[in-house]
Amino acid sequence: MVSNLLYRTLIADDMQAVDRVIRESLHSDVALIRQMAEYIIGAGGKRMRPALTLLSGLACGYRGEHLYKLAAMIEFIHTSTLLHDDVVDESDMRRGRETANALFGNAASVLVGDFLYTRAFQMMVGSGNMRVLEVMAEATNIIAEGEVLQLLNIGETDVSEEQYLQVIRYKTAKLFEAAAQVGAIMAGADEDNIAALAAYGMHLGTAFQIIDDVLDYSGDAATIGKSLGDDLAEGKPTLPLIYTMRHGSAESAALVRDAIANANRDRFPEVLSAVQCCGALDYATAEAERAADAAIAAIAGLPESDIKAALVDLAYQAVRRQA
């Protein structure tokens with residue numbers, strides 16, 4: 001297994017090239033766009049999605065400027081969705097600092113999100129690869145559907161585990177899938193390897209999001225960069241809550257149903273205790289591990305290399321992370 005340090009070392013120079021493309025592509029004559037874009041991109045983050053594009057391309061034997069531009073494009077799509085998410089969720093903290101909407105206002109956040117989104121499409125067209133454009137057009141459309149599905153689930157207490165996973169596949173995992181897919185496409189990989197890396201991305205994104213939902217009930221606020229209980233305060237029926245409603249005591253189930261229906265953060269300590277007592281966090285973590293194992297199995301046929309080992313390690317890291 002490649003350590004996280006070696007994984008970062010393998011693509012360190014490539015990620016610097018991606019950061020350069022990001023900075024260059026943020027240019028706008030509108031000062032507010034430059035200011036907000038710098039604030040958001042400058043916040044850093046894990047950059048897992050652009051890293052995935054790089055690793056997929058490298059695993060298929062390609063390195064070059066087009067790959068860096070696609071990785072930057074993926075980061076722009078992701079960032080635009082974060083801007084819109086924070087407005088919809090009325091969030092005021094992300095990555096340990098104020099959200100753009102808290103600092104600049106909702107209107108500016110939505111409009112700059114649109115700028116990043118459309119700039120991403122300009123970069124797709126610039127790749128000169130129609131297949132990339134087709135993949136990203138489908139992915140962004142499905143992501144939008146996922147956003148609406150999640151909105152419809154807010155405050156709902158009868159959401160099934162399958163419905164929850166559908167939201168993840170649409171809203172989160174689809175961009176991971178597309179990120180891996182476009183890297184392989186740009187590398188000119190064969191259809192089997194493109195499909196393998198797409199499946200890897202989908203399963204990786206699923207594992208990543210489930211752990212995100214677990215951390216909302218088990219993480220450290222300073223480490224994860226947001227307040228614990230945010231999902232509950234937004235009325236989101238995530239897997240730990242769904243499991244508690246199905247398998248916890250009648251009292252615990254009633255407590256969670258009331259807290260979700262009323263988006264009640266005040267009941268977070270009680271809900272946290274109920275979630276921990278019935279084994280919901282262990283169950284959700286095990287489901288994330290299953291998804292990570294599926295990601296690793298999907299790329300079993302790729303030629304052995306340090307990059308493939310890094311992809312395997314990335315799947316493990318997605319489950320073991322604390323932020």
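It should be noted that the structure appears before, not after, this text.
Residues numbered from 1 in each chain as written. Predicted model: local features only at pLDDT ≥ 70, side-chain atom pairs only at ≥ 80, totals over all residues. Heavy atoms only, no water.

Things to note about the pattern of salt bridges
The condition that has to hold: A pairing counts as a salt bridge when a side-chain nitrogen of Lys or Arg comes within 4 Å of a carboxyl oxygen of Asp or Glu. The numbering of helices and of strands both runs from the N terminus, where a helix is a DSSP run of H or I of at least 4 residues and a strand a run of E of at least 2. Relative accessibility decides the category of a residue: with a 1.4 Å probe and only protein chains considered, values under 20% of the type maximum give buried, values over 50% give exposed, and everything between is partly exposed.
In total, this model carries 18 salt bridges according to the counting rule given. Arg20 is paired through a salt bridge with Glu24; the nearest N and O atoms lie 3.5 Å apart. In this pair, Arg20 and Glu24 both sit in helix 2 (residues 12–25), four residues apart, roughly one turn of the helix. A residue is classified by how much of its surface remains accessible, and Arg20, at 34% relative accessible area, is partly exposed. Lys171 is paired through a salt bridge with Asp85; the nearest N and O atoms lie 3.1 Å apart. Taken together, the residues span a long stretch of sequence, with Lys171 in helix 9 (residues 161–186) and Asp85 in helix 5 (residues 65–89) at a distance of 86 residues. If you follow the salt bridges from partner to partner, you end up with Asp19, Arg47 and Glu75 in one network.

Description of the packing of aromatic side chains
For the record, the criterion: Note on ring pairs: Phe, Tyr and Trp rings are taken, using the six-membered ring of Trp, and paired if centres are within 6.5 Å. Classes follow the plane angle, with under 30 degrees stacked, over 60 edge-to-face and the rest tilted. A ring is considered to have a charge above it if a Lys NZ or an Arg CZ atom is located within 6 Å of its centre and within 35 degrees of its normal.
Summed over the entire model, instances satisfying the criterion amount to five aromatic pairs. Ring geometry for Tyr39 versus Phe104: centroids 5.8 Å apart, planes at 75°, classification edge-to-face. Pair noted here: Tyr39 is in helix 3 (residues 31–42) and Phe104 is in helix 6 (residues 100–104), with a separation of 65 residues, a long-range link. Of the residues examined, Phe104 reaches a relative accessible area of 22% and is grouped as partly exposed. Taking the centre distance of 5.4 Å and the plane angle of 45° together, the rings of Phe176 and Phe208 count as tilted. Here the residue Phe176 occupies a position in helix 9, and Phe208 occupies one in helix 10 (residues 191–218), the gap between them amounting to 32 residues. Since its relative accessible area comes to 5%, Phe208 is described here as buried. Over the face of the ring belonging to Phe208 we find Arg321, whose NZ or CZ atom lies 3.8 Å from the ring centre.

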